[in-house]
Protein chains: 2
Amino acid sequence: MPTQMQRARAGEVTPEVAAVAKSEYLPAEEVRELVAAGRVVVPANIGHKSLVPMGIGRALRTKINANIGNSTMSSCPREELVKLQNAIRYGADTVMDLSTGANIMGIRQQIIAHSTIPVGTVPIYETLARANGAEHLTPELIMDVIRDQAEQGVDYMTIHCGLLREYIPLARKRKMKIVSRGGAILARWMNDNNAENPFYTLFDEILNICQQYDITLSLGDGLRPGCLADATDEAQLAELHTLGTLVQRCRAAGVQAMVEGPGHIPFDEIELNMKLQQKICDDAPFYILGPVVTDCAPGYDHITSAIGATMGAFHGAAMLCYVTPKEHIGLPNAEDVRNGCIAYKIAAHAADIALHRPHAQDRDDAISDARQEFDWDKQFSLALDPDRARQLRQEALQEAGKPADSEKHAKYCTMCGPDFCSVRISQNL
Amino acid sequence: MPTQMQRARAGEVTPEVAAVAKSEYLPAEEVRELVAAGRVVVPANIGHKSLVPMGIGRALRTKINANIGNSTMSSCPREELVKLQNAIRYGADTVMDLSTGANIMGIRQQIIAHSTIPVGTVPIYETLARANGAEHLTPELIMDVIRDQAEQGVDYMTIHCGLLREYIPLARKRKMKIVSRGGAILARWMNDNNAENPFYTLFDEILNICQQYDITLSLGDGLRPGCLADATDEAQLAELHTLGTLVQRCRAAGVQAMVEGPGHIPFDEIELNMKLQQKICDDAPFYILGPVVTDCAPGYDHITSAIGATMGAFHGAAMLCYVTPKEHIGLPNAEDVRNGCIAYKIAAHAADIALHRPHAQDRDDAISDARQEFDWDKQFSLALDPDRARQLRQEALQEAGKPADSEKHAKYCTMCGPDFCSVRISQNL
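Source: prediction; values computed, not measured.

Rules of the game
- Residues numbered from 1 in each chain as written.
- Chains lettered and ligands numbered in written order.
- Predicted model: local features only at pLDDT ≥ 70, side-chain atom pairs only at ≥ 80, totals over all residues.
- Heavy atoms only, no water.
- Helix = DSSP H or I, 4+ residues; strand = E, 2+ residues; numbered from the N terminus.
- Rg over C-alpha atoms; globule rule 2.2 N^0.38 Å.
- Buried < 20%, exposed > 50% of the residue type's maximum accessible area, 1.4 Å probe, protein only.
- Contact = heavy atoms within 4.5 Å.
- Areas by Shrake-Rupley, 256 points an atom, 1.4 Å probe, with all protein chains shown as cover.
- Lys, Arg positive; Asp, Glu negative; His and termini not counted.
- Charge placed at Lys NZ, Arg CZ, Asp CG, Glu CD.
- Pairing = 2+ DSSP bridges.
- Axes fitted to C-alpha atoms, helices over the stretch in contact; angles between N-to-C directions.
- 1 Å grid on protein atoms, 1.4 Å probe; cavity = no way out; pocket = protein on both sides within 12 Å on 5 of 7 lines; lining within 4 Å.
- Points joined across faces, edges and corners; volume = space filled by probe spheres on them.
- Nonpolar A, V, L, I, M, F, W, Y, C, P; charged D, E, K, R; others polar.
- Least-squares fit on C-alpha atoms with pLDDT ≥ 70 in both.
- Domains from an automatic or database assignment.
- Buried area = accessible area lost by both parts, 1.4 Å probe.
- Polar contact = N/O pair within 3.5 Å; in protein donor to acceptor, adjacent residues only side chain to side chain.
- Parallel < 35°, antiparallel > 145°, perpendicular 65-115°, else oblique.
- Left-handed = near helix turned anticlockwise from the far one by under 90°.
- Salt bridge = Lys/Arg side-chain N within 4 Å of Asp/Glu carboxyl O.
- Expected span 1.5 Å × (residues − 1).
- Arc of directions from axis to C-beta.
- Disulfide = S-S within 2.5 Å.
- Right-handed = clockwise from strand over helix to strand, strands pointing away.

How should I be thinking about the overall build of chain A in this particular structure?
From N to C terminus, chain A includes 19 helices and ten strands. Computed over C-alpha atoms, the radius of gyration of chain A comes to 23 Å, within 12% of the 22 Å expected from 2.2 N^0.38 for 429 residues, which places it in the range of a compact globule. Taking all 429 residues of chain A together, 66% fall into the buried category. Excluding contacts between residues fewer than 6 apart, the proportion of contacts in chain A whose partners are at least 24 apart in sequence is 72%. Surface summary for chain A: the accessible area is close to 13,900 Å², and the carbon and sulfur share equals 49%. With 42 positive and 54 negative side-chain charges, chain A shows a spacing of 1 Å between the two charge centroids.

Help me out: how do you make sense of the sheet that holds strand β4 (residues 94-97) of chain B in this one?
Hydrogen bonding along the main chain pairs the strands of a sheet, whether they run parallel or antiparallel. All names here are of chain B. Strand order in the closed barrel formed by eight strands is β3-β4-β5-β6-β7-β8-β9-β10, with parallel pairing between adjacent strands. Neighbour to neighbour, the strand axes of the sheet diverge by 25° on average, direction disregarded. Summarising the sheet, strand β6 (residues 156-159) and strand β7 (residues 216-219) pair through four bridges and their orientation is parallel. For Tyr156, the partnering residue across the bridge sits in β7 and is Thr216. Contacting β3 (63-68), β4 and β5 (119-121), helix α5 (residues 104-114) runs over the sheet at an angle of about 170° to β4.

I would appreciate a short explanation of the layout of surface pockets in the present structure.
A water-sized probe, rolled over the atoms, reveals where empty space remains. Of the volumes computed, that of the largest pocket is approximately 610 Å³. Considering the residues around the largest pocket, the lining is formed by 26 residues, among which Glu335, Asn339 and Arg388 of chain A together with Asn339 and Arg388 of chain B are closest to the centre. Counting only elements with at least two residues in the lining of the largest pocket, the list comes to α14 (301-314), α15 (334-354) and α18 (386-399) of chain A together with α14 (301-314), α15 (334-354) and α18 (386-399) of chain B. By residue class, the composition of the lining of the largest pocket is eight nonpolar, ten polar and eight charged.

Would you mind going over the relation of the copies chain B and chain A with me for this structure?
Relating one copy of the chain to the other requires a rotation about an axis plus a shift along that axis. Once chain B has been moved 0.0 Å along the axis and rotated by 180°, it coincides with chain A to within an RMSD of 0.0 Å. Here the transformation between the copies is reduced to the relation of a two-fold axis. Taking C-alpha positions as reference, the residue of chain B nearest the rotation axis is Ile307 of chain B, located at 2.4 Å. Take the interface residues of chain B: 100% of them recur as interface residues in chain A, which is what a same-surface contact looks like.

Which parts of the structure should I look at to understand the sheet that holds strand β4 (residues 94-97) of chain A?
Residues and elements named next belong to chain A. Ordered in space as β3-β4-β5-β6-β7-β8-β9-β10, the eight strands form a closed barrel in which the pairing is parallel. Averaged over all adjacent pairs, the angle separating strand axes in this sheet is 25°, with direction ignored. Along the sheet, helix α4 (residues 77-89) makes contact with β3 (63-68) and β4, crossing β3 at roughly 170°.

I'm lost on unusual backbone geometry in this one. Help?
Most peptide bonds adopt trans geometry, and most residues besides glycine take a negative phi value. Between Pro262 of chain A and the following residue, Gly263 of chain A, the backbone shows a cis peptide bond with an omega angle of 0°. Looking at where Gly263 of chain A falls in the secondary structure, it is placed in the loop between β8 (257-261) and α13 (270-280). Looking along the chain, the bond that leaves Gly290 of chain B and enters Pro291 of chain B is cis, with omega of 0°. Considering the arrangement of structural elements, one finds Pro291 of chain B in the loop between β9 (286-289) and α14. Despite not being glycine, Asn103 of chain B shows a phi value in the positive range, around 55°.

In this structure, what is going on with the domain arrangement of chain A? I would like to understand it.
Interface extent is often summarised as the accessible area lost during association of the parts. All names here are of chain A. Taken domain by domain, chain A holds domain 1 (4-354) and domain 2 (362-426). The C-alpha centroid of domain 2 is placed 38 Å from the C-alpha centroid of domain 1. Counting residues at the interface gives ten residues for domain 1 and five residues for domain 2. Between domain 1 and domain 2, the buried area comes to about 650 Å², and carbon and sulfur atoms account for 45% of it. Considering only the side of domain 1, the residues that lose the most area to domain 2 are Arg338, Ile342 and His349, jointly responsible for 52% of the buried surface there. For the pair domain 1 and domain 2, the interface holds five residue pairs in polar contact (both at pLDDT 80 or more). Counting residues per element, the side of domain 1 that touches domain 2 draws most heavily on α15, at eight residues.

How should the packing of helix α11 (residues 203-213) of chain B against helix α12 (residues 234-252) of chain B be read in this particular structure?
Helices that pack against each other are described as a pair by the angle of their axes relative to one another and the distance between those axes. Residue and element names in this part refer to chain B. Packing of α11 against α12 leaves a shortest axis separation of 10 Å and a crossing angle of 45°. Overall, the two elements α11 and α12 adopt an arrangement that is oblique. In terms of crossing hand, the pair formed by α11 and α12 is right-handed. Mapping the contact onto sequence places Phe203, Asp204 and Leu207 in α11 and Leu246, Arg249 and Cys250 in α12. Residues of the contact of α11 with α12, tallied by class, amount to four nonpolar, no polar and two charged.

I'm lost on the pattern of salt bridges in this one. Help?
A side chain of one charge can pair with a side chain of the opposite charge when the charged atoms of the two come close. All names here are of chain A. Applying the stated criterion across every chain yields a total of 50 salt bridges over all chains. Linking Arg174 and Asp233 is a salt bridge whose minimum nitrogen-to-oxygen distance equals 2.8 Å. With Arg174 in the loop between α8 (168-172) and α9 (181-193) and Asp233 in the loop between β7 (216-219) and α12 (234-252), this residue pair connects regions lying 59 residues apart in the sequence. According to the relative accessible area criterion, Asp233 is buried, its value standing at 17%. The salt bridge partner of Asp221 is Arg224, with a shortest N-O separation of 3.9 Å. Residues Asp221 and Arg224 agree in their burial class; the two are buried. Bridged by salt links that share partners, the residues Arg108, Glu126, Arg130 and Asp148 form one connected network.

So what exactly am I meant to see when it comes to the packing of helix α2 (residues 15-23) of chain A against helix α3 (residues 28-37) of chain A here?
All names here are of chain A. It is the contact of α2 with α3, at a shortest axis distance of 8 Å, that shows an interaxial angle of 120°. Here α2 lies oblique to α3, going by the angle between them. Judged by the twist between their axes, the crossing of α2 over α3 is right-handed. Every residue of α3 that contacts α2 at Val17, Val20 and Ala21 is listed here: Ala28, Val31, Arg32 and Val35.

Could you clarify how one ought to interpret α4 of chain A in this entry?
Since the α-helix turns once every 3.6 residues, residues separated by three or four places project in the same direction. Residues and elements named next belong to chain A. Compared with the 18 Å implied by 1.5 Å per residue over 13 residues, the 19 Å span of α4 between its first and last C-alpha is a close match. Taken together, the buried positions of α4 are occupied by Glu80, Lys83, Leu84, Asn86 and Ala87. Here the buried residues of α4 occupy an arc of 165° about the axis, which is enough to place them on one side. For α4, the exposed residues lying more than 90 degrees away from the buried face are Arg78, Gln85 and Arg89. Residues of α4 that are buried make contact with β3, β4, α5 (104-114) and α15. Of the residues one or two after α4, Gly91 is the one with positive phi, at around 105°.

How do you make sense of the state of the cysteines when you look at a structure like this?
Each disulfide is one covalent bond, formed between the sulfur atoms of two cysteines. Residues and elements named next belong to chain A. Counted by the stated rule, this structure contains zero disulfides over all chains. Between Cys416, a free cysteine, and Cys413, which holds the nearest cysteine sulfur, the sulfur-to-sulfur gap is 5.6 Å. Taking the relative accessible area as the measure of exposure, Cys416 reaches 13% and is therefore buried.

Could you clarify how one ought to interpret the pairing of β3 of chain B in this entry?
Looking down a regular strand, the side chains alternate between one sheet face and the other. All names here are of chain B. By the criterion of burial, β3 is predominantly enclosed, with six of the six residues buried. Both faces of β3 are covered, namely the face carrying Lys63, Asn65 and Asn67 and the face carrying Ile64, Ala66 and Ile68. Both β3 and strand β10 (residues 319-321) contribute to a ladder of three bridges, which runs parallel. Following the sheet pairing, Asn65 is matched in β10 by Cys321. Examined bridge by bridge, β3 and β4 share four bridges and lie parallel to one another. Each residue of the ladder has a partner; that of Asn65, found in β4, is Thr94. Taken together, β3, helix α4 (residues 77-89) and β4 form a β-α-β motif whose crossover is right-handed.

Listed below in structure tokens is the structure:
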């Protein structure tokens, strides 16, 4: 069965492409051309039945991804489904199951079955978990895992295929070495086995599987900088150039591909990073993690990174991988997922408005009208997180000693009260 | 007694200017020239004895301001001192007492006495509170309030002197009309009294008082846009042009002045807004509120606005007025003050790094070293909010069923656990 990319090249507007075009307010023919050129991907494993199709690319609305999944230290399958629910409820466009702990296959099966949005994975995690010790990790096991995940319906897979053995010395010079889990695992494996990166050597075989299931490859950045001091360095750029050549191999095989990006980047280097990727990777969709713009705010990295993500999306990033308040500290729980998603919806939405995407500002205009009219219910129902907004108003009213019911239709809030409310005063101008 | 600006023009490096230069890693002579030119202000009322001098200007480290103060609906003097403590603790460079409720003078006296950072006010608030009804508001009462506040030791005052009567029709056309409290109060007064803005007509008398106490004027933006739809519109720009002329009148009188800016601005218009102000106001320090980059995230406006604030500071804003999660909802409490301050420290710090200010990245490099070494204590003590970081780690350990003590020196966290920790794995490369 041909992939979305192959069908687009053949001139076919697939139902998936038609659905993407409609949701993006774009002509279907334009989206078809973008998919054919590899500038838009539509991650849709032929086996993922509950999926609602969506597209990722610089020409489309900015997307956000939420990472969920357990770790070897924290694990509860039910909690993972709550995280999935929160991710979808608070606006994630895709979700990655990064489980590394118990029952990876079972958790993923549940997530795919319940997910209406594309599900991504990082197969090296399950490979290492199955290997039961890094020394037992083999290329054969990697291929087994990829095949199993493909069969399960995974829509896109991150593989760290651009981290060549010759780049490891570049990473050794860094303050934070390698902070990508996949990158670190592979670098150690290459060192221990005196061998090239198996994802690179097995690339054609992997492409075969991806073609068969129409899995989108997400070419991972195993050498993404882990602190500002390492940003935009030789290691990062060397890997990016390799990813650029691999994008062309994906396209030649009819396999959809996006490219992953950093990480930790000073605010003034974000535009440069986006433009470099577009150039080097021939405008394959750029899927960035943050970037965080300062290293020194653990506990608030959803904010440090939403700042970088907005700037990244404004300059062409296609999808933003969220960062939660727990980043650098511990495994996110369901509430962290919520906070991460909202911070990233803000970033993506702010960039879409700034890029003048069709209808991007409609919701803002509607909420401003509701605000001007003191229609609290409407204002909150239009909010990215209605529950949080309502809860904060409740809290403020309680602190002012006012029962919420009495203030339901109040034409002011506790910040200014009736006599100092600018909106109220200026309504009578 | 001459003002800092007048003394700088006379060639004197005052103790205040020397202190600012030292804290900014700049030559004292350079700072003196900037103060003389009006490109840096040093808000320091001669009566504010507990003040540690600081400077605000595009050539200096980006500053942040925290708004505190009660409202007619919520009031507790002790809570205001807790807010002040939180503001200073979490990095505010100045604080504004925006009280509009009970005992304004008493609260302000307490705040000034306890504050080591400059204290700003908006005198029209106390004027309206004293007038006991907008119809009793008079120019004489405004001058009385300004004199009393000057005597109390207020370091800078926001006056909405650029909102001329002729601009009111421009505001009527807007979706959100006038969202500045001071702006709305004055527009109504002008309408009701068929008279020009008293802050404009009294400007020379106000300058006299400011010269006498060396109060810095913060030329307020009564017509700042209150939603994206109103951004960078005719009303906003008309007022900005008037503020530009008033900057020159301040300078002629030897009075230090900064200019206030918006508000709600789409991300792509922020650079433009910063450059316009620099041009029109001859590089007087720009003190901006946010700006928020989307209207539709009530409950998260510390994030929507920290994104805009970073972009603003990167393009030349000198001071960022924080926005808390309660914006558009209710009066911030002490915890909101904390969250607002940290979001804005992140914005200011990220911009300072991006602008390559001296030593801006030192803290980031140190925390990255601590992170690489798994020195949790050092990492957290270098964090912008050590308590929050520690609390989140505690939470993550509890969820993993690990007692915190046992993990004190753990070379991993619950996100990845020991086998998947990239930092741990790559240390052995």
